[in-house]
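Next come the chains, spelled out residue by residue.
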Amino acid sequence: MTNGNQPLRRSREHRIIAGVIGGFAEYFDRDPTLLRVVYVGISILSAAFPGILIYLLLWLIIPLRDSTDT
């Protein structure tokens, strides 16, 4: 399920804002759209602020995938 060979990185290919959810989708080999819908749903149910704050923190913490990464 997880890609044990590569670390978690923000996606360059599956990005809408910063590639955080796209990076998780690539790492867990899941559909990025499905993960975005789940993330937004959880964020709305938790009054949206924690979801936005967590996304911003992940944006700062998770490095962007290099263009040379496969």
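Parameters at a glance
Residues numbered from 1 in each chain as written. Predicted model: local features only at pLDDT ≥ 70, side-chain atom pairs only at ≥ 80, totals over all residues. Heavy atoms only, no water. Helix = DSSP H or I, 4+ residues; strand = E, 2+ residues; numbered from the N terminus. Rg over C-alpha atoms; globule rule 2.2 N^0.38 Å. Contact = heavy atoms within 4.5 Å. Areas by Shrake-Rupley, 256 points an atom, 1.4 Å probe, with all protein chains shown as cover. Phe/Tyr/Trp six-rings, centres within 6.5 Å; stacked < 30°, edge-to-face > 60°. Buried < 20%, exposed > 50% of the residue type's maximum accessible area, 1.4 Å probe, protein only.

### Here we look at the overall build of the protein
From N to C terminus, the protein includes three helices and zero strands. Going from the N terminus to the C terminus, the protein shows its helices and strands as α-α-α. Computed over its C-alpha atoms, the radius of gyration of the protein comes to 12 Å, within 12% of the 11 Å expected for a compact globule of 70 residues. Considered along the principal axes of its C-alpha atoms, the protein spans approximately 40 × 25 × 20 Å. For the protein, the proportion of contacts with a sequence separation of at least 24, taken over those separated by at least 6, is 53%. On the protein, roughly 5,000 Å² of surface is accessible, and the fraction owed to carbon and sulfur atoms is 66%.

### A word on the packing of aromatic side chains
One pass over the full model with this rule turns up three aromatic pairs. With centroids separated by 6.3 Å and ring planes inclined at 5 degrees, the aromatic side chains of F24 and F28 adopt a geometry described as stacked. On the criterion of helical spacing, the pair formed by F24 and F28 is a turn pair, its members being four residues apart in helix α1 (residues 20–28). What makes F28 partly exposed here is its relative accessible area of 27%.

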